[in-house]
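One-letter residues, chain by chain:
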Amino acid sequence: MKAKPSDKTKHRQPASEHTAELPSRGMFDFSCLGQRIREIRKSLGLSGEKLAEQLNISAEYLRQIESGKSGKVLSLSLFVSICNTLQISPDYLLQDLLVHNELTEIQELDLLWNHLSPTKQKLAVAMIRAAIACEDTQS
């Protein structure tokens, strides 16, 4: 007699539907991505099993993702589900893999800002406000 799947597992899709094979040269190290997912999950008080259930994947597959050892690239739909479920920016998760992202721009602005005198900080704020106002009138 075949065992009936539990409610927790009967709707889960196989990992292959959520992944694509890595390039043969393994261009990316996804361990940092997995570490960030684990850190955010834990900070939200979610167990791996609970997050996996919310993502409709197996807990084992989530462990592989978090360890960076799944050997596959996440599908875009699973990646977006992770971001939405954990309420985090894709840039945050991908910051080690992207050459240019929003976080690097913010860090650059922070570095520039900290080297400005208070007078130049006020001037910078005025310039940003003027640029935003100019853009708003052109829209």
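Residues numbered from 1 in each chain as written. Predicted model: local features only at pLDDT ≥ 70, side-chain atom pairs only at ≥ 80, totals over all residues. Heavy atoms only, no water.

Okay, the nonpolar core next. It is characteristic of soluble globular proteins that their nonpolar side chains tend to be buried jointly. Grouped together as the largest cluster of nonpolar side chains are 21 residues, with contacts concentrated most on Ile-37, Ile-57, Leu-74, Leu-78, Ile-82, Leu-86 and Leu-93. Those elements that place two or more of their residues in this core are α1 (31-43), α2 (48-55), α3 (59-67) and α4 (76-86). For this core, the element with the most residues is α4, which contributes 5 residues. (Core = buried A, V, L, I, M, F, W, Y, C linked by side-chain atoms within 4.5 Å. Buried < 20%, exposed > 50% of the residue type's maximum accessible area, 1.4 Å probe, protein only. Helix = DSSP H or I, 4+ residues; strand = E, 2+ residues; numbered from the N terminus.)

Below, the discussion takes up the packing of aromatic side chains. Enumeration over the complete set of coordinates arrives at 0 aromatic pairs. Sitting over the face of the ring of Tyr-92, Arg-36 holds its NZ or CZ atom 5.4 Å from the ring centroid. (Phe/Tyr/Trp six-rings, centres within 6.5 Å; stacked < 30°, edge-to-face > 60°. Lys NZ or Arg CZ within 6 Å of the ring centre and 35° of its normal.)

Listing the buried residues of α3 in full gives Ala-59, Tyr-61, Leu-62, Ile-65 and Glu-66. Each buried residue of α3 lies within a common arc of 155° when the element is viewed along its axis, so the set occupies one face. Positioned one or two residues after α3, Gly-68 has a phi angle of 75°, which is positive. (Arc of directions from axis to C-beta.)

On to the pattern of salt bridges. Tallied over the full model, the rule gives 4 salt bridges. Between Glu-66 and Arg-41 there is a salt bridge, with the nearest N and O atoms lying 2.7 Å from each other. Placement of the pair is Glu-66 in helix α3 and Arg-41 in helix α1, with a sequence separation of 25 residues. In terms of burial, Glu-66 and Arg-41 fall into one category: buried. Salt bridges linked by common partners bring Arg-38, Arg-41 and Glu-66 together as one network. (Salt bridge = Lys/Arg side-chain N within 4 Å of Asp/Glu carboxyl O.)

As a further point, take the packing of α1 against α3. A pair of packed helices is captured by two measures, namely the crossing angle of their axes and the spacing between those axes. Viewed as axis vectors pointing N to C, α1 and α3 meet at an angle of 120°, and their least axial separation amounts to 6 Å. Comparing their axes, α3 and α1 come out oblique. Contacts between α1 and α3 pair Ser-31, Gly-34, Gln-35, Ile-37, Arg-38 and Arg-41 from the former with Leu-62, Ile-65, Glu-66 and Ser-67 from the latter. Taken together, the residues of the contact of α1 with α3 sort by class into 3 nonpolar, 4 polar and 3 charged. (Axes fitted to C-alpha atoms, helices over the stretch in contact; angles between N-to-C directions. Parallel < 35°, antiparallel > 145°, perpendicular 65-115°, else oblique. Contact = heavy atoms within 4.5 Å. Nonpolar A, V, L, I, M, F, W, Y, C, P; charged D, E, K, R; others polar.)

Now for the confidence of the model for the protein chain. Low pLDDT means the predicted coordinates in that region are not meant to be read closely. Here the protein chain shows a mean pLDDT of 79. Residues at 70 or above account for 77%. Across the protein chain, α2 holds the top mean pLDDT of 97, while strand β1 (residues 19-21) sits lowest at 43. Taken as a whole, residues 1-26 scores under 50 in pLDDT and shows 33 contacts with residues more than four places along the chain or in a different chain. (pLDDT = per-residue confidence, 0-100.)

A word on the environment of Glu-66. For Glu-66, a relative accessible area of 5% corresponds to the buried category. C-alpha of Glu-66 to C-alpha of Leu-33: the two residues are 33 residues apart in sequence and 7.4 Å apart in space. Leave out the neighbours within four places in its chain, and Glu-66 touches Ser-31, Gly-34, Gln-35, Ile-37, Arg-38 and Arg-41. At 2.7 Å, the side chain of Glu-66 forms a polar contact with the side chain of Arg-41. (Polar contact = N/O pair within 3.5 Å; in protein donor to acceptor, adjacent residues only side chain to side chain.)

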